[in-house]
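Observations on chain architecture
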Amino acid sequence: MSTETDKNDLIYMDVPEGRVVIRLRPDIAPLAAERLRTLSAEGFYDNVPFHRVISGFMAQAGDPTGTGSGGSELPDLKAEFTREAKFLRGTVGMARTSDPNSANSQFFIMFEPSPHLDGQYTIVGDVIEGMEHIDKIKRGAGGSGMVREPDRIARMRPASAKNA
């Protein structure tokens with residue numbers, strides 16, 4: 001990805017094991033892509049935990065409280081469901097409550113394909129480098145996947161940022 005436009009759609013996320021590169025998908029989720037870009041540029045995700053991690057399913061982060069009920073001060077987003085993309089290994093989706101229009105700052109990264117999520121959650125991007133680092137994130141316990149002493153995002157910035 002060499003053009004400036006392409007670089008605008010990349011997010012660098014540093015986790016304990018190394019750097020993860022996320023390619024945003026503004027073509028299918030422009031609101032969610034802009035939200036992740038904006039919050040990353042502000043440093044919102046720095047030191048935020050992967051509070052919910054379920055083996056064989058996904059790792060969720062984006063809540064600074066670490067409880068799964070927090071978010072940013074920005075308004076919730078309208079759902080941007082698509083059938084053009086699927087929830088595969090490395091897909092980045094927007095977390096939400098039972099209200100489809102409640103995504104805010106939380107996102108999840110898939111460990112394995114999950115077709116039951118297709119068309120039900122907003123797909124905001126894909127991990128294009130560093131998925132092996134996501135695989136090493138500390139797992140949670142039980143059905144909820146809540147993690148005690150979770151791994152954290154050390155730093156998350158748009159690739160286009162001067163300090164990326």
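Since the model is a prediction, treat every value here as computed from it, not as a measurement.

Moving on, we get to the sheet that holds strand 2 (residues 18–24). Taken together, the eight strands give an open sheet; going across it, the order is 3-4-6-5-7-2-1-8, and neighbouring strands pair in antiparallel fashion. The outermost strands of the open sheet, each flanked by one partner alone, are strand 3 (52–54) and strand 8 (155–158). Averaged over all pairs of adjacent strands, the angle between their axes in this sheet comes to 25°, without regard to strand direction. With four bridges joining them, strand 1 (residues 10–15) and strand 8 adopt antiparallel strand pairing. Bridging from a neighbouring strand, I11 pairs with P158 of strand 8. Contacts from helix 2 (residues 30–41) reach strand 1, strand 2, strand 5 (91–94), strand 6 (107–110), strand 7 (123–129) and strand 8, with the element oriented near 120° to strand 8.

A few words now on the UniProt feature "domain: PPIase cyclophilin-type" (unreviewed entry) in the chain. Using the residue numbers shown here, the UniProt feature "domain: PPIase cyclophilin-type" (unreviewed entry) corresponds to residues 7–161. Along residues 7–161 the backbone is 12% helical and 25% strand, and the end-to-end C-alpha distance reaches 9 Å.

Within the secondary structure, R35 is located in helix 2. For the buried R35, which has no salt bridge, the nearest side chain bearing the opposite charge is D76, at an N-O separation of 5.8 Å. Once you skip the residues sitting within four places of it in the chain, R35 turns out to touch S72, L74, P75, L77 and N104.

For the rest of this paragraph, the subject is the environment of L88. Inspection of the secondary structure assignment puts L88 in the loop between strand 4 (58–61) and strand 5. You can call L88 partly exposed: its relative accessible area is 47%. Distance from L88 to S114, taken between C-alpha atoms, is 6.4 Å for residues 26 residues apart in sequence.

Conventions used here
- Residues numbered from 1 in each chain as written.
- Predicted model: local features only at pLDDT ≥ 70, side-chain atom pairs only at ≥ 80, totals over all residues.
- Heavy atoms only, no water.
- Pairing = 2+ DSSP bridges.
- Helix = DSSP H or I, 4+ residues; strand = E, 2+ residues; numbered from the N terminus.
- Axes fitted to C-alpha atoms, helices over the stretch in contact; angles between N-to-C directions.
- Contact = heavy atoms within 4.5 Å.
- UniProt positions renumbered as here; feature names shortened; annotations may be inferred.
- Buried < 20%, exposed > 50% of the residue type's maximum accessible area, 1.4 Å probe, protein only.
- Lys, Arg positive; Asp, Glu negative; His and termini not counted.
- Salt bridge = Lys/Arg side-chain N within 4 Å of Asp/Glu carboxyl O.

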